[in-house]
Amino acid sequence: MADKNLGSLENDVEITRARLASTIDQLAYRTSPKTIAKREANQFKAYFVDENGPRTENIVKVVGGVVAVIVAAKLLRKIVG
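Before going into details, it helps to say that this report is about the structure given with it. From a predicted model like this one, the values you see are computed outputs, not experimental measurements.

**Description of the overall build of the chain**
For step 1, the next point in the chain: A count of helical and extended segments in the chain gives three helices and two strands.
For step 2, the next point in the chain: For the chain, the sequential pattern of α-helices and β-strands runs α-α-β-β-α.
For step 3, the next point in the chain: The C-alpha radius of gyration of the chain comes to 27 Å, more than 25% above the 12 Å expected for a compact globule of 81 residues.
For step 4, the next point in the chain: Judged by the C-alpha coordinates and their principal axes, the chain covers about 90 × 35 × 15 Å.
For step 5, the next point in the chain: Per-residue burial over the chain gives 5% buried out of 81 residues.
For step 6, the next point in the chain: About 7300 Å² of surface is accessible on the chain, with carbon and sulfur atoms providing 65% of the total.
For step 7, the next point in the chain: The average position of the 13 basic charges and that of the 9 acidic charges among the side chains of the chain differ by 18 Å.

So this is what it looks like as structure tokens:
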């Protein structure tokens, strides 16, 4: 009976070890700089394009923001300098 318990315990340890190894591999993949950069690039692209094509409302928002910053910088330069 002790051998059965020992065998069961060894089996549990092996299963836990395999699960832990898998978890470590997943964490290593998720935290690699290449994976993070790819995920961020995909999120950035998804902001501007979806399965139906360009997301015009988001593109207009960004272009409007850029134009506002340029105008503000020119006005500031004109006032200060």
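**What about the side chain of Thr35?**
For step 1, the next point in the chain: Inspection of the secondary structure assignment puts Thr35 in helix 2 (residues 33-48).
For step 2, the next point in the chain: When sequence neighbours within four positions are dropped, the list of residues in contact with Thr35 reads Tyr29 and Arg30.

Reading the values: the criteria
All residue numbers here refer to positions counted from 1 along the written sequence of the relevant chain. Since the coordinates come from a predicted model, pLDDT governs what is reported: local features require at least 70, and pairs of side-chain atoms require 80 or more to be given and counted, while whole-chain, interface and lining totals use all residues. Excluded from the side-chain calculations are hydrogens and water; all other atoms, namely the structure's heavy atoms, are used. Where helices and strands are cited, they refer to DSSP runs of H or I of at least four residues and of E of at least two residues respectively, numbered from the N terminus. Restricting the calculation to C-alpha atoms gives the radius of gyration, and the globule rule supplies 2.2 Å times the number of residues raised to the power 0.38. Burial classification: accessible surface area is computed with a 1.4 Å probe over protein chains only, and a residue below 20% of its type maximum counts as buried, one above 50% as exposed, and the rest as partly exposed. Using a 1.4 Å probe, the Shrake-Rupley method yields the accessible areas, and only the shown protein chains count as cover for residues. Note on charges: Lys and Arg go in the positive column, Asp and Glu in the negative column, and His and the chain ends are not counted at all. Where a charge lies is defined by one atom per residue type: Lys uses NZ, Arg uses CZ, Asp uses CG and Glu uses CD. Contacts are assigned to residue pairs that have any heavy atoms within 4.5 Å of one another.

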